[in-house]
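Understanding the architecture of this molecule
The residues making up each chain are set out below.
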Amino acid sequence: RRVLLLGEGNFSFAASLCGAPGIRLVATCYESEEEATGRGGAARSIGQLRDSGAEVVFSVDCTKLKEYFLPGKWEFDCIYFNFPHCGRKAGVVKNRELLARFFQSCADVLAEEGEVHVALCNGQGGTPADQPPREWHNSWQIVAVAAAAGFILSHVHPFGAETIHGYKCTGYRSQDKSFCIEGALNHIFTRSTPPLCFTPLSCRTQVGSQKVSFQVPQVLVDKINRGFLELNSSHPVRTIKEKLSAGLSQAFPVQNINSCLPLLHQGHPDGVCHSSIFWITLSPQEAPSTEEISQGLADTVLFSHFGQDTGKNVQEGWPIAKQFYLRPSLLPGAQAMIQKGAFSPGTAHVLSGPVFRKCRISPHSMPVFHEMLVVLAVSRGTENSCVQMLVDNIQATTNSLHQAVSGVKASITLQEAAGFETERNDFAAFECQLGEVQHFICVGTNPGSCLGVIRTAPQESKSSELVVVSASLNLDLLAMLLCGISDWRMLWTADRRFLWQFPEGELRLFQSFSLYPPSYVHDVSFWVPDGEQFDEVVFHTLARRVSGEMVVSIQLRDSFQQPGTGRRSLCYRVTFQSCDRALSCREAAEMQLHFREEIQQHLGVTLR
């Protein structure tokens, strides 16, 4: 490993690393050799370094590293900069500028999977790790500064000067007064994955007997066809699905339905808000024939709840039968299979796959997730006992997994639909739009923690003596619960460090590789068009698309109605924050400007 030390004062830190196995050391300082060797103890440390084979370089500016170490020829695995400072009474702004230029310089000479270690005095970094924390505006804001150069904070730990043999802190350029290093912290930064490039993506799928192509909605470009449920996947959602299926087999005969369920549905799902659906338009040459469309509609009936809508067309210029949308649920496919007699009574049939729903932005509301659908056809009169067996089985498996991962049991409860506050959970609210729900599966008694729903309905195909019991589970929410993941976006990260934590599908508590990500708050206010209902879901979906899922929160701050004219004005607070990659202040500001342009163009609002 090549290790670069910057800003050494008396070279005592560098000397403490002498003789460490597997390290090629390069120690540098800002001063000339004459200035550096004149300090107490420095000459001895420099001699020790040279005797051990380390390289010592003088007059090195940490903001211009590529001038001393040619990119491509020199790639360091680790760069250390202990207690950087501009000198004298330089304020926080100048020291932030120093760090900003330093991180930009590191990007030129750091190996792809290298680390940058920056030691700061307690309070300087501006992170919650500082105790007591310093006010943000009065700190060096190191995480935000590093983000501008493409770095994320991956670890923080005490500097531990007392454990470093022979180390003596000298202070700025070896002045007599040393830095106060009590409570000092070492901040370890790594490279972030590059920004996503949302180039248009075309997807080909089956509608009826015909292959068709469609353009994937931009917010789903990085999420379509990720293969998290495939056999060779080690993603937590697949592991949880397999564990739940294995648990079900202890109570019921189980059949996994691996046939490809249709990705596109046709017509319009009755009762579902138009703005919650990802509508798809096929090119005219791709449109299936009328006969194929009719057959396709027959396959998209959800307990007699899905059907052809005779209302207003969603996409102008298309007949209602030619409306296409990404499946919001696996239930239509299951119902079509039941009507064809493909399900055996008494057997738990398990279907799984991604489903797509537009929703408001929150850490637990996701536009795409992996649904696990369990369907049983049972004799009338036994459905209640079947529901209880099904829930008991899900509870037992989930509690066992949670106990194994975190050492405590998850409190999974079954709540009656009557009186359930669905407005506190987008997943639960949408499930109610799809069809009647009898029970909600939750964590504890909090309606905001709904993980799944239970439905019962008469089987309409073979015999009225059979009742269909189904359980729909959100595998992504279950993965977040079991693995301690606080933000759904982390499940879809392209950073390999996520899956590395789950070798061979083993469930573990997730350790974030991006600590204390900076957030940037912007407000936007506008006049709503007269006589029109403002749709928040459309507003949030535009924010997702413009930011590439970098908006973590949108909150209504103010609603104002102008006296006399009756015009209505809304003010929203938009918070930009990434959970897995570097996001700079400038990037967030550019996203905000783009967002303002988009809402003006697509929602017809008048910006204030």
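Check the entry above for the structure.
First things first, this report covers the structure right here in the doc. (Residues numbered from 1 in each chain as written. Predicted model: local features only at pLDDT ≥ 70, side-chain atom pairs only at ≥ 80, totals over all residues. Heavy atoms only, no water.)

In terms of helices and strands, the protein chain carries 14 helices and 23 strands. Within the protein chain, the fraction of its 608 residues that count as buried is 54%. Pairs at least 24 residues apart make up 71% of the contacts formed inside the protein chain by residues separated by at least 6 positions. Only carbon and sulfur atoms are counted for the fraction: they give 48% of the accessible area of the protein chain, which is about 27200 Å². (Helix = DSSP H or I, 4+ residues; strand = E, 2+ residues; numbered from the N terminus. Buried < 20%, exposed > 50% of the residue type's maximum accessible area, 1.4 Å probe, protein only. Contact = heavy atoms within 4.5 Å. Areas by Shrake-Rupley, 256 points an atom, 1.4 Å probe, with all protein chains shown as cover.)

Right, let's talk about the environment of L570 for a bit. Along the chain, L570 falls in strand β22 (residues 568–576). With 36 residues separating them along the chain, L570 and F534 place their C-alpha atoms 9.6 Å apart. Residues contacting L570, with those up to four places away along its chain left out, are V524, S525, F526, V528, F534, L556, D558 and S559.

It is worth spelling out the sheet that holds strand β11 (residues 264–266) at this point. Ordered in space as β11-β13-β12, the 3 strands form an open sheet in which the pairing is antiparallel. Two strands bound the open sheet, and with one partner strand each, they are β11 and β12 (279–280). (Pairing = 2+ DSSP bridges.)

For the structure shown, the criterion picks out 15 salt bridges. In this structure, K241 engages E242 in a salt bridge whose closest nitrogen and oxygen atoms are separated by 3.6 Å. Among the residues examined, K241 registers a relative accessible area of 8% and is labelled buried. Classification of E242 by relative accessible area gives partly exposed; the value is 33%. (Salt bridge = Lys/Arg side-chain N within 4 Å of Asp/Glu carboxyl O.)

A word on the state of the cysteines. Overall, the coordinates contain 0 disulfides when judged by the stated rule. Cysteine C450 shares no disulfide, and the gap to the nearest cysteine sulfur, in C442, comes to 4.6 Å. Classification of C450 as buried rests on a relative accessible area of 1%. (Disulfide = S-S within 2.5 Å.)

Moving on, we come to the packing of helix α6 (residues 236–248) against helix α11 (residues 475–483). Across the interface, α6 lies against α11 with an axial gap of 9 Å and an inter-helix angle of 95°. In terms of their interaxial angle, α6 and α11 are classed as roughly perpendicular. Along the contact surface, α6 presents P236, V237, I240, K241 and L244, while α11 presents L475, D476, L478, A479, L482 and C483. Looking at the contact of α6 with α11, its residues break down into 9 nonpolar, no polar and 2 charged. (Axes fitted to C-alpha atoms, helices over the stretch in contact; angles between N-to-C directions. Parallel < 35°, antiparallel > 145°, perpendicular 65-115°, else oblique. Nonpolar A, V, L, I, M, F, W, Y, C, P; charged D, E, K, R; others polar.)

Here the focus is helix α8 (residues 331–339). Within α8, 8 of the 9 residues are buried, which leaves the element mostly enclosed by the surrounding structure. Tucked inside the fold, the buried residues of α8 contact β11, β14 (348–356), β15 (368–379), β18 (450–458) and β19 (466–474). Just downstream of α8, G341 is the residue with a positive phi angle, here 75°.

Two elements in contact, helix α9 (residues 383–406) and α11, have axes whose closest approach is 9 Å; the angle formed by their N-to-C orientations is 40°. Put simply, α9 runs oblique to α11. Facing α9, whose interface residues are T398, L401, H402 and V405, α11 presents L478, L481 and L482.

All right, on to the pairing of β18 then. The side chains of a regular strand alternate, first on one face of the sheet and then on the other. When you tally the buried positions in β18, you get 7 out of 9 residues, the bulk of the element. Inspection of the sheet shows strand β17 (residues 439–443) paired to β18 by 4 bridges, in the antiparallel sense. Among the inter-strand pairings, I441 is bridged to a residue of β18, identified as G452. Across 7 bridges, β18 lies against β19 in antiparallel orientation. Bridge pairing in β19 places P458 opposite V467.

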